[in-house]
Amino acid sequence: MSEVNRRFLLRERPAGRIDDRTFELVEEAVPEIGDGEALVRNRWISLDPTNRMWIGETPTYLPPVAIGEVMRAGALGEVVASNSPDYHVGQLVQGLGGWQDYVTASASAPMMAMPEIPGVSPSLFLGTLGMTGLTAYVGMFDIGRPKAGETVVVSAAAGAVGSVAGQLAKIEGARVVGIAGGAKKCALLTDELGFDAAVDYKAPDWREQLKQATPDGIDVDFENVGGEIMDAVFSRLNIRARVALCGLISGYNDDAAAGADGPRSFGNLLIQRVHLEGFIVLDHFQRAGEIVPQLAGWMAEGKLKAQETVVDGFEQLPVAINMLFDGANTGKLVVKI
Ligand SMILES: NC(=O)c1ccc[n+]([C@@H]2O[C@H](COP(=O)([O-])OP(=O)(O)OC[C@H]3O[C@@H](n4cnc5c(N)ncnc54)[C@H](OP(=O)(O)O)[C@@H]3O)[C@@H](O)[C@H]2O)c1
């Protein structure tokens, strides 16, 4: 057990990208646990685009992290001491553990028990078999509802949610087009993950690539990015298309997430009688027991391939988070501590 609890506290709200002034590293005593509490040693920390929204001024679906508070994040850890009948030493648990070595679990701050599956990295419970997979499932099946032969477009397609969402649409028999940055990510989509086509939005001719890849228009947009990419996709939506509005990452560093500028092709949503629905995965956590085994089944059958980028070292957290905005991750980004 390390003798101190390293913690990253929010020092100042970034006006743009997270930089070396945003967080302060402190070392505190490992928390003492009281009756009904358990001590959890965080092992894996989930890095998510929404983390950037949580440190902005504007309240989102959760209140902003306060200045001086530990950085909020999903984390997976191991119970190392327990005074609670709900937790036992050695158990793997998940919750909002934050950017710190140790966190206390209790009835008022519960953490969820995770199974240990031989051959499966626990980090997947933060990714394809966790929040990421749940997000992709809800957005694709509840809102996108692709039918065989329809055209589905997924943006940030080589990322955590996008890579799963696209593969789920393939399982339904749709024609799936992924939008991602760079030839390498596009090749991953088509050569390894089974996408029918990929659009490299960093190439000068990306709009033409999108047109070529969607000759029959677009029936489902799984929207992760917003901005110009969303605009181009909206302009190609078919009659009665569905848009699963999952995220708007292109605006998060401008603190414009909640009210990201509206698309220029907005009128096409009216003309084509489009159904657009925003969703937040937190509202669907109670369905994990039904959805995660389904995702695990597809993984076991080889129909769903989990992608992840693992960064080693607690101290890397404030640097690694920017990988999401630089496109330096493929699949789920986690930090192993
Ligand atoms: N609604 C929900 O409950 C929920 C839950 C989880 C995630 N989300 C949202 O889903 C989206 C994806 O999240 P994730 O966790 O799966 O992250 P991710 O896709 O693994 O990582 C972000 C990726 O977005 C791409 N990107 C970053 N900035 C961009 C820009 N300006 N233009 C185009 N692409 C950009 C990068 O890929 P490239 O290399 O391709 O640029 C990057 O790798 C985010 O918008 C996130 O907020 C929503």
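Report follows, based on the coordinates. (Residues numbered from 1 in each chain as written. Predicted model: local features only at pLDDT ≥ 70, side-chain atom pairs only at ≥ 80, totals over all residues. Heavy atoms only, no water.)

**Observations concerning unusual backbone geometry**
Excluding glycine, residues mostly carry a negative phi; peptide bonds, for their part, are mostly trans. One non-glycine residue with positive phi stands out, namely Arg-145, at about 40°. Mapped onto the secondary structure, Arg-145 falls in the loop between α2 (131-144) and β8 (151-154). Exposure remark for Arg-145: the relative accessible area of 40% places this residue in the partly exposed category. Phi is positive for Arg-240, which is not a glycine, with a value near 60°. (Helix = DSSP H or I, 4+ residues; strand = E, 2+ residues; numbered from the N terminus. Buried < 20%, exposed > 50% of the residue type's maximum accessible area, 1.4 Å probe, protein only.)

**Overview of the site of the ligand**
Not every one of the 28 residues close to the ligand is listed here, only the nearest: Val-161, Lys-185, Tyr-201, Val-281 and Asn-329. Interatomic distance of 2.8 Å between a backbone N/O atom of Gly-181 and an oxygen atom of the ligand. In the model, an oxygen atom of the ligand is placed 2.6 Å from a nitrogen or oxygen of the Lys-185 side chain. Protein chains bury 91% of the 900 Å² of accessible surface belonging to the ligand in isolation. Within the residue set of the shell around the ligand, elements represented by two or more residues are α2, α3 (160-171) and α10 (323-326). Within the shell around the ligand, the residues separate by chemical class into 18 nonpolar, nine polar and one charged. (Near = heavy atom within 4 Å. Polar contact = N/O pair within 3.5 Å; in protein donor to acceptor, adjacent residues only side chain to side chain. Areas by Shrake-Rupley, 256 points an atom, 1.4 Å probe, with all protein chains shown as cover. Nonpolar A, V, L, I, M, F, W, Y, C, P; charged D, E, K, R; others polar.)

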